[in-house]
Every structure is written in C-alpha cells, then in structure tokens.
Amino acid sequence: MVDHATLLARAREAAEHAYAPYSEFPVGAALLTADGCLYTGCNVENASYGLTLCAERNAATTMIANTEPSDNAGRRIDTVAIVGLKARPCWPCGACRQVLREFGCTTVVVEGENGEPLSLAFDELLPYSFGPEHLSKEA
Ligand code: THU
C-alpha cells in the first residue's frame, strides 16, 4: 500500500504542474483508489475566474476518465493527499469535499506546518454529508 508520505510527494509533483497565474497558489492532489491505483491533479485556472478547476476535482475526474463504469473499486477513493505550495496545511475546499464524498473518500492527508503528514477521517471534514445513497432511500 502507498504510504501517506509518498502520496504527499506525488501531490507535490502534481502541484508543480499547476496553471495558477491569477492566484499564484499552486495546488496538487494525489488520490489512491480502493484497488491501489493512483491519480493526480493540479489546479487549472482561467481568465474567467469562476471556471477555475481545483486540484482535487481534477484528480477525481481523471480517475473516472481512466476507469470503466463497472470498475467499482477502481472508482472508490480510499485516500486523497493535498499539497499547496504556498500553504501548509492546505485543506480541500467545500466543493471538492463534496466531489470526494461522491466517490467514498475515507481519509484526507495534508502537510502539517513542518511538512509532516497530517491525516483526518473524511467524516471529520464533511460530517452529516449528502451522497449518492440518499437518492435511493425512502424518506
Ligand atoms: N484550490 C485547489 O486547487 N484546491 C482546494 O481545495 C483549494 C483551492 C485552488 C483553486 C485556485 O486555483 C487556488 O487554489 C486559489 O484558491
């Protein structure tokens, strides 16, 4: 299994690819799926600021684009690591938390103030969350 330090290192590499000319705040994300595959993403900004894509959502959509719809474990996020080159720790924004929730993310890893891995259960970041299973439940 890939450890947290390795995931953070991959997230940092991804952050080096960021397209962030407006905020100058590069972010990278590395996610590990339930079947052990790794996908990365960086933030991609736009002159029309609102179209900015965060690193975590970039990684999640890359996972989907590279897996078959029937590949359940391949589309489950076990752990996501996030690195901001200008901020420690760099926690995921609210929109990204909801997208990570969609794919069952269980653990979030960020860098602590000294670069050490800091991990949190996903439920602590997004408690009482809404997810796909709620759509098929009777009230
Ligand atoms: N950003 C991310 O990529 N992920 C987050 O969870 C927080 C924010 C990006 C978006 C924007 O390009 C820059 O960081 C500043 O907000």
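Calculation criteria
Residues numbered from 1 in each chain as written. Predicted model: local features only at pLDDT ≥ 70, side-chain atom pairs only at ≥ 80, totals over all residues. Heavy atoms only, no water. Salt bridge = Lys/Arg side-chain N within 4 Å of Asp/Glu carboxyl O. Helix = DSSP H or I, 4+ residues; strand = E, 2+ residues; numbered from the N terminus. Buried < 20%, exposed > 50% of the residue type's maximum accessible area, 1.4 Å probe, protein only. Near = heavy atom within 4 Å. Polar contact = N/O pair within 3.5 Å; in protein donor to acceptor, adjacent residues only side chain to side chain. Areas by Shrake-Rupley, 256 points an atom, 1.4 Å probe, with all protein chains shown as cover. Nonpolar A, V, L, I, M, F, W, Y, C, P; charged D, E, K, R; others polar. Pairing = 2+ DSSP bridges. Right-handed = clockwise from strand over helix to strand, strands pointing away. Arc of directions from axis to C-beta. Contact = heavy atoms within 4.5 Å. Core = buried A, V, L, I, M, F, W, Y, C linked by side-chain atoms within 4.5 Å. Axes fitted to C-alpha atoms, helices over the stretch in contact; angles between N-to-C directions.

### So, the pattern of salt bridges
All told, the structure shown has four salt bridges when counted by the stated rule. The salt bridge involving Arg-101 is made with Glu-133; its shortest N-O contact spans 2.8 Å. Of this pair, Arg-101 sits in helix H3 (residues 94-102) while Glu-133 sits in the segment after helix H4 (122-125), and the two are 32 residues apart along the sequence. The exposure class of Arg-101 is buried, given its relative accessible area of 13%.

### Section: the site of the ligand
Around the ligand, the neighbouring residues are Ser-23, Phe-25, Val-27, Asn-43, Glu-45, Thr-52, Cys-54, Ala-55, Glu-56, Trp-91, Pro-92 and Cys-93. Contact between the ligand and Asn-43: an oxygen atom at 2.9 Å from a side-chain N or O atom of the residue. The separation between an oxygen atom of the ligand and a polar side-chain atom of Glu-45 is 2.5 Å. Relative to its unbound accessible area of 370 Å², the ligand is 79% covered by the protein chains. Classifying every residue of the shell around the ligand by side-chain character gives seven nonpolar, three polar and two charged.

### Details of the pairing of strand S3 (residues 77-84)
Most of S3 is tucked away: seven of the eight residues are buried. Two strands pair when backbone bridges link them, and S3 and strand S4 (residues 107-111) are joined in this way by four bridges, in the parallel orientation. The residue bridging Ala-81 from the neighbouring strand is Val-109, located in S4. One crossover worth recording links S3 to the parallel S4 by way of H3, and it is right-handed.

### Topic: H3
Turning to H3, its buried residues number three or more, namely Cys-96, Arg-97, Leu-100 and Arg-101. Buried residues in H3, looked at end-on, bunch into an arc of 145°, giving them a common side. In this fold, the buried residues of H3 make contact with helix H2 (55-65), S3 and H4.

### Thoughts on unusual backbone geometry
Following Arg-88, the chain continues to Pro-89 via a peptide bond in cis, the omega torsion being -10°. Topologically, Pro-89 is positioned in the loop between S3 and H3. The phi dihedral of Tyr-128 is positive, around 50°, even though this residue is not glycine. Secondary-structure assignment places Tyr-128 in the segment after H4. Note on Tyr-128: relative accessible area 86%, which makes it exposed.

### A closer look at the nonpolar core
Counting residues in hydrophobic clusters, the biggest one holds 20 residues, and the most contacted among them are Leu-31, Ile-77, Val-80, Ile-82, Cys-105 and Val-108. Looking at this core, the elements with two or more residues in it are strand S1 (27-33), H2, S3, S4 and H4. No other element matches the four residues that H2 contributes to this core. Setting aside its immediate chain neighbours within four residues, Val-108 contacts Val-80, Ile-82, Pro-92, Leu-118, Ser-119, Leu-120, Phe-122 and Leu-125. One finds Leu-7, Ala-11, Ala-81 and Val-109 within the second-largest nonpolar core, a separate group that totals eight residues.

### Structural notes on the sheet that holds S4
Ordered in space as S2-S1-S3-S4-S5, the five strands form an open sheet in which the pairing is mixed. With one partner strand each, in any of the chains shown, strand S2 (38-42) and strand S5 (117-121) form the two edges of the open sheet. Within the sheet, the average angular offset between the axes of one strand and its neighbour, ignoring direction, is 20°. Those strands touched by helix H1 (residues 4-15) are S1, S2, S3, S4 and S5, and its axis lies near 55° from that of S3.

By themselves these figures say nothing about function.
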